Each structure stands twice: as C-alpha cells, then as structure tokens.
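The primary structure of each chain is shown beneath.
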Amino acid sequence: MVLLLFACQGKKEGTTSGNDDDNITAPADALFQKLPASESNIHFATQFQEDFFNNIVRNPNFYNGGGIGVIDVNKDGLQDLFFSSTTGECKLFLNKGGLKFEDITAAAGVAAPEGFKTGVSIADANGDGWSDIYVCRAGLKEGDHRRNLLFINNKNNSFTESGRAYGVDDPPRATTPTSSITTSTATSTCT
Ligand SMILES: [Ca+2]
Ligand SMILES: [Ca+2]
C-alpha cells in the first residue's frame, strides 16, 4: 500500500504537472497526439449515479464503465463513435471528416438513459449491410431496465430499438458483449 501511494504521487514522465492530465506533453516521436474536445467536438463523460441497487459496495464492478463502439452509421467510409454511459445518456457522434464530429444522439434515438449500461458491441444484426448497436445492461435491480438493447440502423442516421423483436433483450446481468450478435439469427452472447 505504501509503495502504491508513493507511485501515485510521483510526477509523470513528460508532463508539466504531476496531477493534471491536460498538461501532458507528448514526446516528439509519439505515435499518437491528444486531440482536444474543442477541436473534435466530442464532448462526453460517462456518468455513475449511485443508488441502493447500484453502488461500489454492492457491486465491485460499479466503475468499470461501458466502453465505446466504432460504427460507420451512414456507410460513408468514416468511422463514427458510440459512447456508452453507465447510468446517464449514451452519445453517438457522426464523423464529419478532418477529425470533426457531430453529436447526433437525439435524432438517432440511441441515448438509452435508463438502466446500468455495461458494454456495447457493433454488428450487422439483421444482415442488411448496415451496422447496428447492441448495448448490454446490468445492475442488481430487477426489471425491464436491465434488458439489453438492440438498435437497428434505419439507414438514415437513426435507429429503432428492437431488442425484444429480435429476441436479444436478455434480462440477466450482462457485461461487455463478446462474440455478440451475428447475422439475422441475432444470437445474444453477453457475458
Ligand atoms: Ca460514417
Ligand atoms: Ca443492420
């Protein structure tokens, strides 16, 4: 524990501040450069709203997060981004090119604010050639808000939640989809 505390207090290599990630200065030969939200227009922070059923005491995985899905929503060759929010609204950003993105969450109908989201997978669930979004939900509270969600791509930058229609709205606690859903048989394999 002592070593861990000292390690956390140590100044990060290549930083101007030991406590502020925004001040990280990447080496000149770094393979990646940080793109600020002010340039990308990607503004997102996952939410963790604790309650009686969802909290770190009852669920040691409470702060795991739900991950990100990379999807070409409109088949323009530019990869779009779906951000899963644990207890808040998910976000879908359309890639406009030049590393600029547009928040199309509301029009796309994929906010999914209810429930405890634990993972997202991208697959063409109905085999129509357009990628769909599968979101796993968990938490200790029983009920429909623990059922997984399948957003079928409407081919116009919007989606229709169809988990029940495709038989993949599993109610057990599910985390990150792995092999996920494949083709029109939509076999649910959240684990
Ligand atoms: Ca796209
Ligand atoms: Ca599809």
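Scroll up for the structure.
The sections below set out a description of the structure shown in this document.

Rules used throughout
- Residues numbered from 1 in each chain as written.
- Chains lettered and ligands numbered in written order.
- Predicted model: local features only at pLDDT ≥ 70, side-chain atom pairs only at ≥ 80, totals over all residues.
- Pairing = 2+ DSSP bridges.
- Helix = DSSP H or I, 4+ residues; strand = E, 2+ residues; numbered from the N terminus.
- Axes fitted to C-alpha atoms, helices over the stretch in contact; angles between N-to-C directions.
- Buried ≥ 20, exposed ≤ 12 C-beta atoms within 10 Å, placed from the backbone.
- Core = buried A, V, L, I, M, F, W, Y, C linked by C-beta atoms within 7 Å.
- Contact = placed C-beta atoms within 7 Å.

### Considering the sheet that holds strand β1 (residues 68–71)
One open sheet accounts for 4 strands, arranged β1-β2-β3-β4; its pairing is antiparallel. With one partner strand each, in any of the chains shown, β1 and β4 (100–103) form the two edges of the open sheet. In this sheet, neighbouring strand axes are inclined to one another by 25 degrees on average, regardless of whether the strands run parallel or antiparallel. Pairing of strand β2 (residues 80–83) with strand β3 (residues 91–97), which is carried by 3 bridges, proceeds in the antiparallel orientation. Its bridge partner being in β3, Leu81 is matched across the sheet by Phe93.

### Regarding unusual backbone geometry
Generally, phi is negative for residues other than glycine and the peptide bonds are trans, each holding for most cases. Here Asn41, not a glycine, exhibits a phi torsion of approximately 70 degrees, which is positive. Within the secondary structure layout, Asn41 lies in the loop between α2 (37–40) and β1. On the basis of neighbour count, Asn41 is assigned to the partly exposed category, with 14 C-beta atoms found within 10 Å. Phi at Lys155 takes a positive value of approximately 70 degrees, unusual for a residue other than glycine. Tracing the chain through its elements places Lys155 in the loop between β7 (149–153) and β8 (159–161).

### Some thoughts on the nonpolar core
The nonpolar side chains of soluble globular proteins are, as a tendency, buried together. Counting 28 residues, the largest nonpolar core has Phe82, Val110, Ile133, Tyr134, Val135, Leu150 and Phe151 as the members making the most contacts within it. For this core, the secondary structure elements donating two or more residues are β2, β3, β5 (116–123), β6 (132–138) and β7. No other element matches the 5 residues that β6 contributes to this core. Ignoring any residue separated from it by four or fewer positions in sequence, one finds Val135 in contact with Ser84, Ala112, Lys117, Val120, Asn148 and Leu149.

### Structural notes on the pairing of β6
Here β6 lies mainly inside the structure; 7 of its 7 residues are buried. Burial of the side chains of β6 extends over both faces: Asp132, Tyr134, Cys136 and Ala138 are buried on one face and Ile133, Val135 and Arg137 on the other. Across 3 bridges, the pairing between β6 and β7 is antiparallel. The residue of β7 that forms the bridge with Ile133 is Phe151.

### Digging into the environment of Ile68
With respect to the element layout, Ile68 can be found in strand β1. Once the C-alpha coordinates of Ile68 and Gly119 are considered, the two residues, 51 residues apart in sequence, prove to be 7.8 Å apart. Sequence-distant contacts of Ile68, defined by excluding residues within four places in its chain, comprise Leu81, Phe82, Phe83 and Ser84.

### Let's talk about the pairing of β2
As judged from the 4 bridges shared by β1 and β2, these two strands associate in the antiparallel manner. Looking at the pairing, Gly69 lines up with Phe82 of β2.

### Some remarks on the sheet that holds β5
With antiparallel pairing, 4 strands are arranged side by side in an open sheet as β5-β6-β7-β8. Each of the sheet's edge strands pairs with one partner strand only, and the pair in question is β5 and β8. If you compare each strand with its neighbour and ignore which way they point, the axes differ by 20 degrees on average.

Just geometry here; none of it tells us what the structure is for.
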